[in-house]
Amino acid sequence: MSKYQELANAVIKGDTQQVKQITQQMLDAGEQPLAIINEGLIQGLNEVGIRFKEGEMFVPEMMMAAQAMKGGVELVKPLMAGTDMPTAGTVVIGTVKGDLHDIGKNLVIMMMESSGFNVVDLGVDVPVDKFIQAVKDHKPQVVGMSALLTTTMPVMKEVINALDKENLRSAVKVVIGGAPVSKEYADEIGADGYAGDAVVATEMCKQLLN
Ligand code: B1M
């Protein structure tokens, strides 16, 4: 079994200690931080999602898997940090109201920060007015929204409507993402961009600001 598979399995088991141990071994062996995340840690959580859907895993196990994933990300994070880079721009980002999923959002933040963006993290379960206030306070170039539930995706449209109403829409680019979100949905609600992963999200922000 490959180390990546071992790592994914440790995430599925929700074994934080093992996840940390394998992650560290992989880093010591010179594996790329991004590959460890994408091909090990995320693969594990994807499998958890499938088993949850099929009724083979339940919420407490899903929480343990998420916790274990975070243990691995913590070790990788310092290696992704940007070094004395000029600020590429400011991004205000949050997981929308009603939604508590933050692993994907945090990876997006990690990637953006390592590419020189100044990121204001509003956290999870972020109501529309908090996004608006943050745009007024921080004057970002980009507003990023994450949603993992089909039931919370419509909040993204509410935020865009509120930006319009407050005459702030033309001042910012809106980028959205999260497992159920698509390019079609982004077009439908008038977002400027959709990104399927953290790397694309960061590239998209760079492009939108040029
Ligand atoms: Co939840 N959950 N969950 N969950 N959970 C999903 C999302 C689900 C698909 C599982 C399933 O049924 N297969 C399902 C949603 C179904 C649907 O709506 N279609 C689901 C459900 C139903 C629920 C609950 C309702 C369960 C319950 O209580 N009955 C509940 C809801 C709680 C709430 O939010 N109100 C719930 C709870 C939880 C936990 C708390 C246990 C935990 C979250 C812990 C945490 O985040 N701190 C959890 C987890 C771990 C998952 C799965 C297994 C994994 C999510 C994840 O972190 N993926 C998930 C199944 C799945 O998605 N495969 C599932 C890894 C992460 C790196 O990927 O977040 O997609 P992702 O982020 C990616 C890209 O999407 C993108 O970049 C990231 C990195 O590549 N991206 C962006 C994300 N945001 C972006 C923003 C951008 C750009 C790109 O621009 C700004």
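Cut-off values and rules
- Residues numbered from 1 in each chain as written.
- Predicted model: local features only at pLDDT ≥ 70, side-chain atom pairs only at ≥ 80, totals over all residues.
- Heavy atoms only, no water.
- Donors = N, O, S within 2.8 Å, 3.2 Å for Na, K, Ca; no water.
- Helix = DSSP H or I, 4+ residues; strand = E, 2+ residues; numbered from the N terminus.
- Salt bridge = Lys/Arg side-chain N within 4 Å of Asp/Glu carboxyl O.
- Buried < 20%, exposed > 50% of the residue type's maximum accessible area, 1.4 Å probe, protein only.

(A) Representation of the coordination of the cobalt atom of the ligand in the model. When only protein atoms are considered, the cobalt atom of the ligand has one donor, H101 (NE2), at a distance of 2.2 Å. For H101, the position within the fold is in the loop between β1 (89-95) and α5 (103-114).

(B) Here's a closer look at the pattern of salt bridges. Inspection of every chain in the model, using the stated rule, returns 9 salt bridges. Here K97 and D125 are joined by a salt bridge, their closest N and O atoms 3.6 Å apart. With K97 in the loop between β1 and α5 and D125 in the loop between β2 (117-121) and α6 (128-138), the pair connects residues that are 28 residues apart, well separated along the chain. The exposure class of D125 is partly exposed, given its relative accessible area of 30%. Of the charged contacts, one joins K105 and D121 as a salt bridge, the two residues approaching to 3.0 Å between their closest N and O atoms. Within this pair, whereas K105 is found in helix α5, its partner D121 is found in strand β2, the two being separated by 16 residues in sequence. Residue D121 is classed as partly exposed on the basis of its relative accessible area of 41%.

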